[in-house]
Amino acid sequence: MASISSLGVGSKLDLSGLLKDLENTERQPLLALKAQAASYTTKLSAYGKLQDSLAALKTASSKLGSLDLFQGAKASSSFATVLTASATASAVAGNYAIKVSQLAQAQSLATAGVVDAKAAIGTGAATITIDFGTFTPADVGLGTPASFAVDAGHKPAVVAIDANNNTLEGIRDAVNAAKAGVTASIVNDGSGAPNRLVLTSDATGETSSMKISVSGSNTDLGTLLNHDPVAGVGLKETAAAQNAKLTVNGLEISSATNTVSESLQGVTLNLVKAGESTLTVARDTASISSAVNALVTAYNGLLSTGKALTAYDPDTKTGSPLTGDSTLRLLQVRIREALISPQVSGSSSDLTVLSDIGVSFQKDGTLSLDSVKLEKALSTNLEGVGKLLAGTATDKAGYGKQLTALTDSLTGKGGSLLVATEGVTDAIKKLDKQYDAMDTRINSTVDRYRAQFTQLDVLMAKMNNTTAYLTAQFDAMNGSKK
């Protein structure tokens, strides 16, 4: 069979155009499948937006359904420059007069000055041992001598010094590398021998005083660093180890740190400076108000999402992805019912509906919050508000708990939204398979058309060649007769 370089060349017919028209006709059903798949994809995206709005509602309702929200406390200081505070649920509400007379601080010791911080100090090796404990000065009136009681719970700092690090800088680096509860630094005081090694305990409090001893052959290091507070010889104390001292309602309290968490139940004090302040501990109603407002916002957000997904444009006469969708209508009805259904009342004083705390439905279906009414309910009946929203530890009542359970049931396994989403997903998968199968069949059909057209083209080419040859022969014969 003769070959054809381009379809239609042999027959001089527009076979390529004809083949393209046939192919377009064959592919029309594919366009319909594409449009259907696009519609399902849009609907799936709409369900995703609905899922996000429900997740926001669940987050808000979960917080309201937590009993911890209604047991939280807030601590405030009248002078934050003196102290700040935080409280937990176990804190007892009340006002406390606090006087801070002294802050806790860490001990700092400074050596005598050295001319060159890089110059070797003595020769030979030495071991520096720093013990931590409580130094008690002598009391002449009581006749008690000075003493140093080692803190058994505080591991001593042990630092080895040799010819490789027997300079002031080397000692500093060795102490810091030991990470044993002491920080070393070098301070230049501007004198003739300006470089001083300063050792500061990493811990505050009276039990973190330092006693330093140097053993080994390098006696110059011993002269520089030995510190015995009982004997009164050694380094210069630039800051004493001391506890924080304060009174709470007149009761004296001592703390090794400036974070005091044992003096008031459920309250942690952070001391800033000496001075007086009034600490007020109260129930954290601000967090509750914020959580209620978050629920209102989340519900209205869900309503707004649903409205956008079901909107109908009368001008273009087109709907939105979920216009007339039964799944959306179902979950909207169930959520609204959950919000308007009264809670079971245990007594005449119990709150039973959301409007009792200022949350009510408007004509357009949205929720609104009367902040004044909510604040009044929180200040006069905090327990009732907690029961209304979170129920009790032994039941599943409370709008927060019930709404959380409802959103779980709608979006979880077997839930209407999940079922609808899975249904659309399955439909898209089926359409994809149908599309692929149809596309394969169409390609096969077009290939068959192309082969047939090619045969036709070859045949027509032969016939045209034969016609041209015979015409030429007849013309030659007629010419010879003349």
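With an unreviewed UniProt entry as reference, the protein chain is termed Flagellar hook-associated protein 2, source organism Polaromonas aquatica. In UniProt, the protein chain has this text filed under Subunit (unreviewed entry): "Homopentamer."

Q: Explain the packing of helix α5 (residues 285-309) against helix α6 (residues 326-340) to me, using residue names and the numbers behind them.
A: Packing of α5 against α6 brings their axes to within 11 Å, and their N-to-C directions diverge by 155°. Classified by the angle between their axes, α5 and α6 sit roughly antiparallel to one another. At the point where α5 passes α6, the crossing takes the left-handed sense. Residues Tyr 299, Leu 302 and Gly 306 of α5 lie in contact with α6, whose contacting residues are Leu 328, Gln 332, Ile 335, Arg 336 and Leu 339. Here the contact of α5 with α6 is composed, by residue class, of five nonpolar, two polar and one charged.

Q: Explain the sheet that holds strand β3 (residues 94-102) to me, and be specific about the residues and the numbers.
A: Ordered by their spatial adjacency, five strands build an open sheet running β1-β16-β3-β12-β13, and the pairing between neighbours is antiparallel. Every interior strand has two partners, whereas the edge strands, β1 (73-77) and β13 (251-255), have only one. For this sheet, the mean inter-axis angle between neighbouring strands, taken without regard to orientation, is 25°. As paired elements, strand β12 (residues 244-248) and β13 share five bridges and run antiparallel to each other. Opposite Leu 246, over in β13, you have Ile 253 as the bridge partner.

Q: Now, about the side chain of Ser 209: what can you tell me, with residues and values included?
A: Looking at the element boundaries, Ser 209 is found in strand β10 (residues 209-216). In contact with Ser 209, other than residues within four places in its own chain, are Gln 107, Asp 131, Phe 132, Gly 133, Phe 135, Phe 148 and Ala 241.

Q: Quick rundown of empty space enclosed by the protein? Include the residues and the values.
A: The final tally for this structure, using the stated rule, is one cavity of 30 Å³ or more. Quantified by volume, the largest cavity comes out at close to 30 Å³. Lining the largest cavity, in full, are Ile 128, Ile 130, Ile 171, Val 175, Leu 197, Leu 199, Ile 212 and Leu 225. Where the lining of the largest cavity is concerned, the elements lending two or more residues are β5 (126-136), α3 (168-178) and β9 (195-201). Class assignment of the residues belonging to the lining of the largest cavity gives a composition of eight nonpolar, no polar and no charged.

Calculation criteria
Per-chain numbering applies: the sequence of each chain, read as written, is numbered from 1 onward. Since the coordinates come from a predicted model, pLDDT governs what is reported: local features require at least 70, and pairs of side-chain atoms require 80 or more to be given and counted, while whole-chain, interface and lining totals use all residues. Excluding hydrogens and water, the side-chain values take into account all heavy atoms of the structure. UniProt positions are given in the numbering used here, feature names are shortened, and annotations may be inferred rather than shown by experiment. Working convention: axes come from line fits to C-alpha atoms, limited for helices to the stretch in contact. Angles between N-to-C directions cover 0 to 180 degrees. Under the DSSP-based scheme used, a helix requires at least four consecutive residues in state H or I and a strand at least two consecutive residues in state E, with every element numbered from the N terminus. In what follows, roughly perpendicular refers to angles from 65 to 115 degrees, roughly parallel to angles under 35, roughly antiparallel to angles over 145, and oblique to any angle outside these ranges. What makes a crossing left-handed is the near helix being turned counterclockwise from the far one by less than a right angle; a clockwise turn instead makes it right-handed. Should any heavy atoms of two residues lie within 4.5 Å, those residues are counted as being in contact. For this classification, Asp, Glu, Lys and Arg are treated as charged, while Ala, Val, Leu, Ile, Met, Phe, Trp, Tyr, Cys and Pro are nonpolar and the rest, including Gly, are polar. The criterion for strand pairing is that DSSP finds at least two bridges linking the strands in question. Grid points spaced at 1 Å over the protein atoms alone were grouped into cavities, where a 1.4 Å probe fits but cannot get out, and pockets, open sets with protein on both sides within 12 Å along at least five of seven lines, with lining residues defined by an atom within 4 Å of a point. Grid points are joined across faces, edges and corners, and a volume is the space filled by probe spheres set on the points.

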